[in-house]
Amino acid sequence: MRRIIQRMLISSVAQVLLRLAALGWFLSGVAQLVASMVIGPAEPMFLPNYAIPAVLILFSVVTWWIAPGLARRLAWGTDAELAIDRLTLRKLYATAFVGLGLWFALASFGSLFNAIHFQLAFAENPGDFTGLYKITEPALTLAAGATLIATAHIWSKKLARLAGDEPTE
């Protein structure tokens, strides 16, 4: 098995995490902006529909741009090298799948909880399930995240084997 990286600074890890967050905010802002344009109110330039996504996009671009400096400030005084001598491609893939799964699961939990609470508390007819469509997207995202976490070891092993970094059984 090949080793990928020998040493990494704490600020480098922080920079990667900041940029991942910025990317998520950017994609969320673009999705909200497109949704506002497609299903917006009768007034085409209703400010709240466009202001929040625009601020989110702007914030994500600024975060991406300042991530290196911010990461160094966050690690100030402790920006030591992390010894990761035993990092293999398989472990790297597993970490990526678990991280992505956690991202999906945590990002959808609040929306799912809110949609379920709204359905149970404010449904006019308790037997009426027409509002359940609001639960579908966050439920599927939460399920996808949980599945990625649970199967990270399987996918990482397969991908490492495809890359020639894992012996075949």
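Within any chain, residue numbers begin from 1 and follow the written order of that chain's sequence. The model is predicted, so local features are restricted to residues of pLDDT at least 70 and side-chain atom pairs to those at 80 or more, both for listing and for counting; the totals for chains, interfaces and linings are taken over all residues. Calculation of side-chain values draws on the structure's entire complement of heavy atoms; hydrogens and water are dropped beforehand.

Caption draft 1: Focus on the overall build of the protein chain. Runs of E in the DSSP output that reach at least two residues are strands. Runs of H or I that reach at least four are helices, and both are numbered from the N terminus. Broken down by element type, the protein chain carries four helices and two strands. The N-to-C order of helical and strand elements in the protein chain reads β-α-α-β-α-α. Considering the protein chain as a whole, with its 169 residues, one finds that 21% of them fall into the buried category. The long-range share in the protein chain, meaning contacts at least 24 apart out of those at least 6 apart in sequence, stands at 81%. On the protein chain, roughly 12,000 Å² of surface is accessible, and the fraction owed to carbon and sulfur atoms is 71%. For every residue, the accessible area (1.4 Å probe, protein chains only) is compared with the maximum for its type, and the residue is labelled buried under 20%, exposed over 50%, or partly exposed between those bounds. By definition in these notes, contact holds between two residues if any of their heavy atoms fall within 4.5 Å. Throughout, the Shrake-Rupley method with a 1.4 Å probe supplies accessible areas, and for residues the shown protein chains are the sole cover considered.

Caption draft 2: Spatial organisation of the environment of Glu137. Secondary-structure assignment places Glu137 in helix α4 (residues 133-162). For Glu137, a relative accessible area of 61% translates into the label exposed. In sequence terms Glu137 and Leu112 are 25 residues apart; their C-alpha atoms lie 8.2 Å from each other.

Caption draft 3: Layout of the environment of Ala160. With respect to the helices and strands, Ala160 occurs in helix α4. Spatially, the C-alpha atoms of Ala160 and Ala94 are 9.8 Å apart, while their sequence positions differ by 66 residues.

Caption draft 4: Main features of α4. Two axes enter the bend calculation: one fitted to the seven residues ending at the residue in question, the other to the seven starting there, and the bend is the angle between them. Along α4, the sharpest change in direction is near 65° and occurs at Thr151. Inspection of α4 places Ile135, Pro138, Gly145, Leu148, Ala152, Ser156 and Ala160 among the buried residues, and these make up the whole buried set. In the stretch just after α4, Gly164 is the one whose phi turns positive, near 80°.

Caption draft 5: Expanded view of the packing of aromatic side chains. Note on ring pairs: Phe, Tyr and Trp rings are taken, using the six-membered ring of Trp, and paired if centres are within 6.5 Å. Classes follow the plane angle, with under 30 degrees stacked, over 60 edge-to-face and the rest tilted. Evaluation of the coordinates by the stated rule reveals two aromatic pairs. Consider the rings of Trp25 and Phe59, whose centres lie 5.1 Å apart with planes at 40°: the pair is tilted. With a gap of 34 residues between them, Trp25 in helix α1 (residues 10-39) and Phe59 in helix α2 (residues 47-74) connect regions that are remote in the sequence. Owing to a relative accessible area of 33%, Trp25 belongs among the partly exposed residues under this scheme. Their ring planes at 20° and their centres at 6.4 Å tell us that Phe109 and Phe113 sit as a pair that is stacked. In this pair, Phe109 and Phe113 both sit in helix α3 (residues 89-122), four residues apart, roughly one turn of the helix. Judged by relative accessible area, Phe113 falls into the exposed class, the value being 56%. By definition here, charges over rings are those cases where NZ of Lys or CZ of Arg is within 6 Å of the ring centre and within 35 degrees of the ring normal. Sitting over the ring of Trp155, Lys158 keeps its end group 5.8 Å from the ring centre.

Any link to function would need more than the numbers given here.
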